[in-house]
Amino acid sequence: GKLTALDATSGAELWSAETQTGVIAAPVSYSVNGEQYIAVVVGTGGSWAATFPGPTGLKGNDLPNRSRVLAYKLRGTAELPAPPPPPARVLAPPPLTASAETVQQGFVPYITFCARCHGVDAVNEGILPDLRYSARLVSEEAWASVVRDGALAATGMAGFAQVLSAAEIEAIRAYVIAQAHAAKD
């Protein structure tokens, strides 16, 4: 991402700065003790990341999420530190022990209740978790504690006990494990 200030009359570029992430808010200008600053909220997020998880969303915003507020002082010389390397992601799903029928039974509830945030076919390379990498896949109980009971409700992942049966929740887990194996292979 990049911030650019243009002359209102001529359109000439006056200043620019790399943000190392997406810009999700309009900048604001303010003054402190006679010094002018420009501040902006940056990071991959907002409705774009939630509306278009996975490869579709990346076509419009493939920058990593580095959420923060950047403030620039006119004639300032400070620079952002180099971004850290992306974390290594290792796809290591548990063995697929469910039947093909159970995996197929997980498809409809996954698409109905999960795909909106976690991506079609469990592929999500945006800011929301890619379930194929979830450590909770190894345990029916750990998976159900999140999907059924809402163990992660404080971070935005609601529980679905009101609309999904235990069998559907386990079938969704089987479906996601199958998708992880398909990606690994």
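What you see is a predicted model; the values in this text were computed from it and never measured.

Asks: How would you explain the nonpolar core if you had to name every residue and give the values?
Replies: Residues Tyr110, Trp143, Leu164, Ile169, Ile172 and Val176 are the most contacted members of the largest nonpolar core, which totals 19 residues. Ranked by residue count, the leading element in this core is helix α6 (residues 166-184), at seven residues. Ignoring sequence-local partners within four residues, the contact set of tyrosine 110 consists of Ala115, His118, Gly119, Asp121, Ala122, Leu131, Ile172, Tyr175 and Val176.

Asks: Describe helix α5 (residues 140-147), naming the residues involved and giving the relevant values.
Replies: Of the positions making up α5, those classed as buried are Trp143, Ala144, Val146 and Val147. Projected onto a plane normal to the axis of α5, the buried residues spread over an arc of 160° and lie on a single side. Considering only its buried residues, α5 is in contact with α6. Two or three places before glutamate 141, at the opening of α5, serine 139 has a side-chain oxygen 3.3 Å from that residue's backbone nitrogen.

Asks: Which residues make up unusual backbone geometry, and what values go with them?
Replies: Trans peptide bonds make up the majority, and among non-glycine residues the majority have a negative phi. Unusually for a residue other than glycine, glutamine 20 sits at a positive phi of about 65°. Mapped onto the elements, glutamine 20 comes out in the loop between β2 (13-18) and β3 (28-32). The class for glutamine 20 is buried, based on a relative accessible area of 18%. Positive phi outside glycine occurs at asparagine 33, with the angle close to 50°. Mapped onto the fold, asparagine 33 is located in the loop between β3 and β4 (35-42). The exposure class of asparagine 33 is exposed, given its relative accessible area of 78%.

Asks: Describe the pattern of salt bridges, with residues and values.
Replies: A side chain of one charge can pair with a side chain of the opposite charge when the charged atoms of the two come close. By the definition in use, this model includes five salt bridges. Its salt-bridge partner being glutamate 35, residue lysine 73 comes within 4.0 Å of it at the nearest N-O pair. Residue lysine 73 is located in strand β5 (residues 68-73), and its partner glutamate 35 is located in strand β4; the two are separated by 38 residues in the primary sequence. The exposure class of lysine 73 is partly exposed, given its relative accessible area of 39%. One salt bridge in this structure joins arginine 148 and aspartate 149, with 2.6 Å as the shortest N-O distance. Take aspartate 149: its relative accessible area is 48%, and that puts it in the partly exposed class.

Quick notes on the rules
- Every residue gets a number counted from 1 within its own chain, in the order that chain's sequence is written.
- The model is predicted, so local features are restricted to residues of pLDDT at least 70 and side-chain atom pairs to those at 80 or more, both for listing and for counting; the totals for chains, interfaces and linings are taken over all residues.
- Here the side-chain values reflect all heavy atoms present in the structure, with hydrogen atoms and water set aside.
- The nonpolar core is taken to be a set of buried Ala, Val, Leu, Ile, Met, Phe, Trp, Tyr and Cys residues, with the residues joined through side-chain atoms within 4.5 Å.
- Here the term buried applies to any residue with accessible area under 20% of the maximum for its type, exposed to any over 50%, and partly exposed to those in between, with areas from a 1.4 Å probe on protein chains only.
- Elements are defined by DSSP. Helices are runs of H or I of four residues or more, strands are runs of E of two residues or more, and each kind is numbered from the N terminus.
- In this analysis, two residues are considered to be in contact whenever any of their non-hydrogen atoms come within 4.5 Å of each other.
- The directions considered for the arc run from the helix axis to the C-beta atoms.
- By the criterion applied in these results, polar contacts are pairs of N or O atoms within 3.5 Å in which, for protein atoms, one can donate a hydrogen and the other can accept it, and in which residues neighboring in sequence qualify only through two side-chain atoms.
- Salt bridge criterion: a side-chain nitrogen from Lys or Arg within 4 Å of a carboxyl oxygen from Asp or Glu.

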